[in-house]
Amino acid sequence: MPELPEVETIKRDLFKRILNHKIRLVEIRDKKIVKSNNFVKKLIGNEIKGIERRGKLLIFVLKNKEYLLVHLKMTGQLMFKAKNKSGNVIGGHSLTKMEDNFSEKFTRVVIDFGVGKLFFNDMRRFGYMKIVGEEEKEKIITKDFGIEPLTPDFTWDKFNKLFNKRTTSIKAFLLNQKIIAGLGNIYADEACFCAGIKPDRQVNNINLEEIKKLFKCIPKILQLAIKNRGTTFNSFVDGDGQKGSHFNFLKVYGRHKEKCKRCSEKIKKIRLVGRGTHFCPGCQK
DNA sequence: GTGTTTGTTATCAA
DNA sequence: CTTGATAACAAACA
């Protein structure tokens, strides 16, 4: 599940690979993935001049000031494979099996940059790609997303105000992209552990001290996960097709029935907001 | 065959 | 209009 740290890792990887290379060919293998018209035509001959991120959404800035938006949803992957001297992508032989974290079994779109190809793979087909103009891009990044952690926009004043008059669980609050952008199921659970808050607590019952802890925990958790190049649980790979190493740093997510690293109590798993939710009964109140 | 996995949105309710 | 709760979607795997 690519969340903010995973998407950020991909962004940084692709920056080094695909910037300023003219797009030669675009192959759509699954029409469902592409959500805008004239997709191939708009890309061929174009260049990517920058890569931005808003929450879990990747924004490729095109030379003609249009924007290629890519959302990986649950199982999306974006990986660049360089070409060798004979013009074939390295490691791109198998069409069916996973070899070296790479197969074309679930490849939905391929963008050929001459120096290599960018593969959009997505087993579950929840992800999408679309090209939009300046106006629509601005509308999306302002309307659909809340405060962006890891930017100057994430201030104590703004964060604290978000807790006013809300009547939902802290877990649902953290998962809501319109409130805070970029947290998903893994990092929402991790943030709650870090702040010592049980995920089913109501937002209006969380005290100032706890809000302060959350304010510190959210960037801290995300930064560490980025440093470890993201969490690979099922399908996440970075822009080069490699796994992230943050899995072993997780305190609660995926550690059901295991001992808490801090207090040795058994990690519990419940269902909240329709999501698997992990917490430590000893550390979280 | 069944349950489980989750990011987002549609839908309905208040 | 805003907020919240819930189901639905998709496909593979244990």
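Each remark here, short or long, concerns the structure printed above.
Residues numbered from 1 in each chain as written. Chains lettered and ligands numbered in written order. Predicted model: local features only at pLDDT ≥ 70, side-chain atom pairs only at ≥ 80, totals over all residues. Heavy atoms only, no water.

## What about helix H3 (residues 134-143)?
- Within the sequence span of H3, burial applies to Lys 137, Ile 140 and Ile 141. Projected onto a plane normal to the axis of H3, the buried residues spread over an arc of 90 degrees and lie on a single side. The exposed residues of H3 that point more than 90 degrees off its buried face are Glu 135, Lys 139, Thr 142 and Lys 143.
- Where H3 is buried, its residues meet strand E2 (48-54), strand E3 (57-62), strand E4 (67-71) and strand E8 (128-132). (Buried < 20%, exposed > 50% of the residue type's maximum accessible area, 1.4 Å probe, protein only. Helix = DSSP H or I, 4+ residues; strand = E, 2+ residues; numbered from the N terminus. Arc of directions from axis to C-beta. Contact = heavy atoms within 4.5 Å.)

## Some points on the packing of helix H6 (residues 185-195) against helix H7 (residues 208-227)
- Contact pair H6 / H7: the axes reach a minimum separation of 8 Å and the direction vectors enclose 130 degrees. With respect to H7, the element H6 is oriented oblique. In terms of crossing hand, the pair formed by H6 and H7 is right-handed. Residues Tyr 187, Glu 190, Ala 191, Cys 194 and Ala 195 of H6 form the contact with H7, whose own contacting residues are Glu 210, Lys 213, Leu 214, Cys 217, Ile 218, Lys 220, Ile 221, Leu 222 and Ala 225.
- Of the residues contributing to the contact of H6 with H7, the split by class is 10 nonpolar, no polar and four charged. (Axes fitted to C-alpha atoms, helices over the stretch in contact; angles between N-to-C directions. Parallel < 35°, antiparallel > 145°, perpendicular 65-115°, else oblique. Left-handed = near helix turned anticlockwise from the far one by under 90°. Nonpolar A, V, L, I, M, F, W, Y, C, P; charged D, E, K, R; others polar.)

## Focus on the sheet that holds strand E6 (residues 107-112)
- Pairing within the open sheet is antiparallel, and its four strands lie in the order E1-E6-E7-E5. Edge strands, defined here as strands with exactly one partner in the open sheet, are strand E1 (25-28) and strand E5 (76-82). Between one strand and the next, the sheet's axes are offset by a mean angle of 15 degrees, whatever the strand orientation.
- Looking at chain direction, E5 and strand E7 (residues 116-122) are connected through seven bridges and run antiparallel. Each residue of the ladder has a partner; that of Phe 80, found in E7, is Leu 118. (Pairing = 2+ DSSP bridges.)

## Details of H6
- Among the 11 residues in H6, 10 count as buried, and that is most of the element.
- Taken together, the buried positions of H6 are Asn 185, Ile 186, Tyr 187, Ala 188, Asp 189, Glu 190, Ala 191, Cys 192, Phe 193 and Ala 195.
- Taken together, the buried residues of H6 touch helix H1 (4-18), helix H5 (170-175), H7 and strand E10 (275-279).
- Once H6 finishes, Gly 196 follows within two positions and takes phi at roughly 70 degrees, a positive value.

## Side note on the layout of surface pockets
- A volume near 840 Å³ is recorded for the largest pocket.
- Lining the largest pocket we find 29 residues, and of these Met 1, Lys 56, Met 74, Asn 185 and Arg 275 sit closest to its centre.
- Counting only elements with at least two residues in the lining of the largest pocket, the list comes to strand E9 (268-272) and E10.
- Considering each element in turn, the lining of the largest pocket owes the most residues, three residues, to E10.
- Among the residues making up the lining of the largest pocket, the classes are represented as 10 nonpolar, 12 polar and seven charged.
- Two domains each put at least three residues into the lining of the largest pocket: domain 1 (4-144) and domain 2 (156-279). (1 Å grid on protein atoms, 1.4 Å probe; cavity = no way out; pocket = protein on both sides within 12 Å on 5 of 7 lines; lining within 4 Å. Points joined across faces, edges and corners; volume = space filled by probe spheres on them. Domains from an automatic or database assignment.)

## Topic: the pattern of salt bridges
- Following the criterion strictly, the structure yields 25 salt bridges and no others.
- A salt bridge links Glu 66 to Lys 42; the shortest N-O distance between them is 3.5 Å. Separated by 24 residues along the polypeptide, Glu 66 in the loop between E3 and E4 and Lys 42 in helix H2 (residues 39-43) bring together distant segments of the chain.
- Residue classification places Glu 66 among the buried residues on the basis of a relative accessible area of 19%.
- A salt bridge links Asp 238 to Arg 229; its shortest N-O distance comes to 2.9 Å.
- Looking at Asp 238, the relative accessible area reads 3%, which means it is buried.
- By relative accessible area, Arg 229 is classed as partly exposed at 33%.
- It is possible to trace a salt-bridge network through shared partners that takes in Glu 8, Lys 11, Arg 12, Arg 53, Arg 54 and Glu 148. (Salt bridge = Lys/Arg side-chain N within 4 Å of Asp/Glu carboxyl O.)

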